[in-house]
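Commentary on secondary and tertiary structure
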Amino acid sequence: MTLPRNIAVIGAGIVGLSSALWLQKMGAKVTLIDRNEPGLGTSFGNAGLFADYGRLPVASYAQLRKIPGMLLDKTSPLSLQPRYARHLMPYGWHFIKACTPEKYRQGRDALTSLQTTAPAADETLLSETGAARLVRHDGCLALFSTREGFEAALAGHLRERREQGVKVQVMSAEEVRELEPDLSHFHAGGVLYPETRFTVSPIELSRMYARHFVAQGGKLLLDEVTTVSDMDGKCRVNTAQGSHTFDRVVICAGVAGARLAQQLGVRIPLVSERGYHLVLESDTWHLNRPVGWLDYAVFMTPMDDGIRIAGMAEFAAPDAPQGEKQPEIMLDVAAKMMGRTPSVKSTWVGSRPSTPDSLPVIGRVPGHPNFMLAFGHGHLGLTLAATTGKLVAESIQGTQQDALLAPFSPSRFH
Ligand SMILES: Cc1cc2nc3c(=O)[nH]c(=O)nc-3n(C[C@H](O)[C@H](O)[C@H](O)COP(=O)(O)OP(=O)(O)OC[C@H]3O[C@@H](n4cnc5c(N)ncnc54)[C@H](O)[C@@H]3O)c2cc1C
């Protein structure tokens, strides 16, 4: 089938950029719309991991039992701003429904299916845009405070990841020291995920994708989308500065995606799960690859502009003021990992667009098939962006069986 000519992608984060590139590659005339320069949303601040090990949904009965205790513990990575609680109602209900063993297994299979196609989709975009030099293939370490915690993980989620096809190498504390001599002795060993890749600059990756898109004839429109509507099969996009009509529209607006989807009559229980990062001075301290301290749910990644420590899960409005305690906790964790307190070059907060079942929303809007949704990638947006973009383009082109997209359907919450 031939591709409809005139397609808009709303949102120039890593998911929108990847979708725009795939659509362009398949021959469409693409307009990419963002209120800001590309890559300045959540895609700016992530830990930089192409996290091949991310195949297990968060929602499970075991996790559900831990949540009250974590919310009460002031040092835990999980927190909730009281004013945001009412936004969590539909999300919470669907989270509980996603905890059944059957739903958990279905979610795990769906994530594994996306992960299986992700590396090849990345490689295509990275090599065609010249951005491959921004990605390193050195694996990543995931470490534990205690031997007991490590052994429990080996018998639990690490075993399960292996069963899902993730390569996992068990490392003693001594073996970790050989790989990362500058790390302090905070851990009792852990694992190396040898196939995890990481980028040394998430923002430069977005910029290179955007530059390539424009160089290939793509149109970048810096404007705020106010409304979307279906005019007898034509897609109307109203922006702060004008009105536009397209054959197809793909909504990749990250955490803002649900508001636009709702204008087309579909409700997605998407929430803002904020994460933080600190960029640390690292002139005399060296890391070869990302290192996660799993007890604190943080990752420390060597990036072009310094060591970035990223993590935390704070349910709060995207535009709420930055919390004070999160950067303090993260600096404390960084100091324990580095064996000294580093100076902080910058801090950042941004919203993961999170769904209750940990699966992104990828598919046509029910009743408005010329509109597609591609958002809700939660903790895995960088990892799954390229394969999402490919699926979006194939679906619009008509070469993708929409049945393959069923687990990610926008109507699954109804
Ligand atoms: C601390 C932290 C660490 C993370 N680490 C990792 C990691 O290591 N690996 C990984 O895979 N993922 C990670 N993630 C998750 C990942 O960053 C996100 O899933 C991903 O960036 C989402 O990309 P996106 O394109 O959907 O959204 P965004 O990057 O937020 O892009 C959405 C874009 O839409 C635009 N937009 C929204 N509304 C409108 C409108 N009305 N008009 C015009 N433009 C609009 C915004 O300006 C924005 O540019 C992390 C997240 C956080 C917070």
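The following refers to the structure shown.

So, how was this worked out
Residues numbered from 1 in each chain as written. Predicted model: local features only at pLDDT ≥ 70, side-chain atom pairs only at ≥ 80, totals over all residues. Helix = DSSP H or I, 4+ residues; strand = E, 2+ residues; numbered from the N terminus. Rg over C-alpha atoms; globule rule 2.2 N^0.38 Å. Buried ≥ 20, exposed ≤ 12 C-beta atoms within 10 Å, placed from the backbone. Contact = placed C-beta atoms within 7 Å. Axes fitted to C-alpha atoms, helices over the stretch in contact; angles between N-to-C directions. Parallel < 35°, antiparallel > 145°, perpendicular 65-115°, else oblique. Pairing = 2+ DSSP bridges. Core = buried A, V, L, I, M, F, W, Y, C linked by C-beta atoms within 7 Å. Near = placed C-beta within 6 Å. Nonpolar A, V, L, I, M, F, W, Y, C, P; charged D, E, K, R; others polar. Domains from an automatic or database assignment. Expected span 1.5 Å × (residues − 1).

Tallying secondary structure elements over the protein gives 11 helices and 21 strands in all. Relative to a compact globule of 414 residues, whose C-alpha radius of gyration would be 22 Å, the protein shows 21 Å and is just as compact. Each principal axis of the C-alpha atoms in the protein carries an extent, and together these give about 65 × 45 × 40 Å. In the protein, buried positions account for 48% of the 414 residues. Sequence-distant contacts, at least 24 apart, represent 77% of the contacts inside the protein between residues at least 6 apart.

A few words on the packing of helix 4 (residues 101–129) against helix 11 (residues 381–397). Axis separation between helix 4 and helix 11 bottoms out at 7 Å; the angle between their running directions is 85°. The angle between helix 4 and helix 11 falls in the class roughly perpendicular. For the pair helix 4 and helix 11, contact is made by Leu114, Thr117, Ala118, Ala121, Asp122 and Leu125 and by Thr383, Leu384, Ala386, Thr387 and Lys390, respectively.

Here the phi dihedral of methionine 312 falls at roughly 80°; this positive angle occurs in a residue that is not glycine. On the basis of neighbour counts, which here come to 23 C-beta atoms within 10 Å, the residue methionine 312 falls in the buried class. Unusually for a residue other than glycine, serine 358 sits at a positive phi of about 65°. According to the C-beta neighbour criterion, serine 358 is buried, with 25 such atoms within 10 Å.

This part is about the sheet that holds strand 1 (residues 6–10). Note: strands within a sheet are paired through backbone hydrogen bonds, in either parallel or antiparallel orientation. Read across the open sheet, the six strands follow the order 10-2-1-14-21-20; overall the sheet is mixed. Both edges of this open sheet fall to strand 10 (219–222) and strand 20 (361–365), since each of them pairs with a single strand only. Looking at each pair of strands side by side, their axes are set apart by 20° on average, direction ignored. Two elements, strand 1 and strand 14 (residues 248–251), share four bridges in a ladder whose sense is parallel.

Right, let's get into the nonpolar core. Ranked by internal contacts, the top residues of the largest apolar core, which has 113 residues, are Ile10, Val249, Ile251 and Ile309. The element best represented in this core is helix 11, accounting for eight residues. Residue contacts for valine 249: discarding those within four places in its chain leaves Ala8, Ile10, Val228, Cys235, Val237, Asn370 and Phe371.

Looking now at the site of the ligand. Taken together, 42 residues surround the ligand, and among them Gly13, Gly41, Gly254, Gly275 and Gly381 come closest. When contributions to the shell around the ligand are tallied by element, the ones reaching two or more residues are helix 1 (14–25), strand 2 (29–34), strand 15 (271–280), strand 19 (344–354) and helix 11. Here the residues of the shell around the ligand are counted per class, giving 19 nonpolar, 19 polar and four charged. Here the shell around the ligand spans two domains, since at least three of its residues come from each of domain 1 (6–44 + 203–269 + 358–413) and domain 2 (55–99 + 135–196 + 271–352).

On to the environment of glutamate 128, then. Along the chain, glutamate 128 turns up in helix 4. Exposure remark for glutamate 128: the 14 C-beta atoms within 10 Å place this residue in the partly exposed category. On a C-alpha basis, the gap between glutamate 128 and histidine 185 in space is 42 Å, while along the polypeptide they are 57 residues apart.

Time to look at the sheet that holds strand 3 (residues 49–50). Spatially, the three strands line up as an open sheet ordered 3-9-5, and their pairing is antiparallel. Looking at the sheet topology across the chains shown, the edges are occupied by strand 3 and strand 5 (135–136). For strand 3 and strand 9 (residues 197–199), the ladder comprises two bridges, and the chain directions are antiparallel. Looking across to strand 9, one finds that phenylalanine 50 is bridged to arginine 197.

Note: strand 12 (residues 234–239) against strand 13 (residues 242–246), five bridges, orientation antiparallel. Bridge pairing links cysteine 235 to phenylalanine 246 in strand 13. In textbook terms, the turn of a hairpin is the stretch between consecutive antiparallel strands, and for strand 12 and strand 13 this stretch comprises two residues.

This part covers the environment of leucine 205. Its location among the elements puts leucine 205 in helix 8 (residues 202–215). Taking the C-alpha atoms as reference points, leucine 205 and leucine 23, 182 residues apart in sequence, are found 18 Å from one another. Not counting residues up to four positions away in its chain, the partners in contact with leucine 205 are Ala131, Leu134 and Thr199.

Here the focus is helix 8. Its 14 residues give helix 8 an end-to-end C-alpha distance of 20 Å, which sits within 8% of 20 Å, the value for a rise of 1.5 Å per residue. Restricting attention to buried positions, one finds in helix 8 the residues Pro202, Leu205, Ser206, Met208, Tyr209, Ala210 and Phe213. Those residues of helix 8 that are buried are in contact with helix 1, strand 2, helix 4, strand 9, strand 10 and helix 11. Taken from the residues just after helix 8, glycine 217 is the one with a positive phi, measuring 100°.

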